[in-house]
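Read off the chains here:
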Amino acid sequence: MDKKILREQGLTRLKQLDPQAKQTKERIIQSLLFASKEWLEAESIGVIRSLPFEFDTKLIFERGFHSGKQIAVPRSVGKKLHFYQVEPQTEYQLSSFGVEEPLSQTKIDALDLDLLIVPGLIFSLEGYRIGFGGGYYDRFLADFQGKTVSLVFAEQFDARWQPDSFDIPVQKIITDKVSFGEKGVDNE
């Protein structure tokens, strides 16, 4: 199936999630993330400021700051993502995509990120994802050496597509049903 159609369907499904059910799913996924080896071992984490219909990342920021982890948020520059260290008091501005990007000037080298929480709209069980269509994360992941995890609602899985040669899968998916890792299902 065409990625553009799947992208639109995925966006609609996310926007139609019942708010209470969404919060329950987020709590399940957060508890799995915070207990995961990837989270526990990471000293620096890259994560987006989520849009209202996406997985809410506020608690990730709070838990990360409280745990003394370095948190970095992406800013799009041209066709690339650059990550900047943020603090609880960091100010943000809306990008042309409607995403909050940090005004911080402390750039973090991609090699210094231990864990990247990769967003997306549609996912395969193998870790491939369909994002918003800009290719920013696929370009970034091409050279990224750290761990990658996506936090995915069960409603975001769709097997009706094939990844392109340039698509790069995440190493682990944590969902409200089970989590999938490099060696298959990982029941944490």
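In this text, all values refer to a predicted model and were calculated from it rather than measured experimentally.

Draft legend 1. Focus on the pairing of strand S3 (residues 80–86). Of all seven residues in S3, five are buried; the element is thus mostly enclosed. By the bridge criterion, seven bridges tie strand S2 (residues 70–77) to S3 in an arrangement that is antiparallel. What sits directly across from Pro74, in S3, is Phe83. What sits between the antiparallel neighbours S2 and S3 is a turn of two residues, in which Gly78 has the positive phi angle 65°.

Draft legend 2. Region of the structure containing the packing of aromatic side chains. In total, this model carries seven aromatic pairs according to the counting rule given. When the ring of Phe61 is compared with that of Phe65, the centres are 6.3 Å apart and the planes differ by 55°; the resulting orientation is tilted. Of this pair, Phe61 and Phe65 both sit in helix H4 (residues 58–66), four residues apart, roughly one helical turn. Owing to a relative accessible area of 6%, Phe61 belongs among the buried residues under this scheme. Ring centres 5.0 Å apart and planes at 50° place the aromatic pair Phe83 and Phe140 in the tilted group. With Phe83 in strand S3 and Phe140 in helix H5 (residues 136–141), this residue pair connects regions lying 57 residues apart in the sequence.

Definitions and limits used
- Sequence positions are assigned chain by chain, starting from 1 and proceeding in written order.
- This being a predicted model, a pLDDT of at least 70 is required before a residue's local features are given, and a value of 80 or more before pairs of side-chain atoms are given or counted; all residues contribute to the totals for chains, interfaces and linings.
- Working from all heavy atoms in the structure, the side-chain values ignore hydrogens and water.
- Between buried and exposed lies partly exposed: a residue is buried under 20% and exposed over 50% of the maximum accessible area for its type, with that area taken using a 1.4 Å probe on protein chains only.
- The helix count covers DSSP runs of H or I at least four residues long, the strand count covers runs of E at least two residues long, and both are numbered beginning at the N terminus.
- At least two bridges found by DSSP between two strands is the condition for calling them paired.
- When the centres of two rings from Phe, Tyr and Trp lie within 6.5 Å, Trp using its six-membered ring, the rings pair. Their planes under 30 degrees apart give stacked, over 60 give edge-to-face, and anything left gives tilted.

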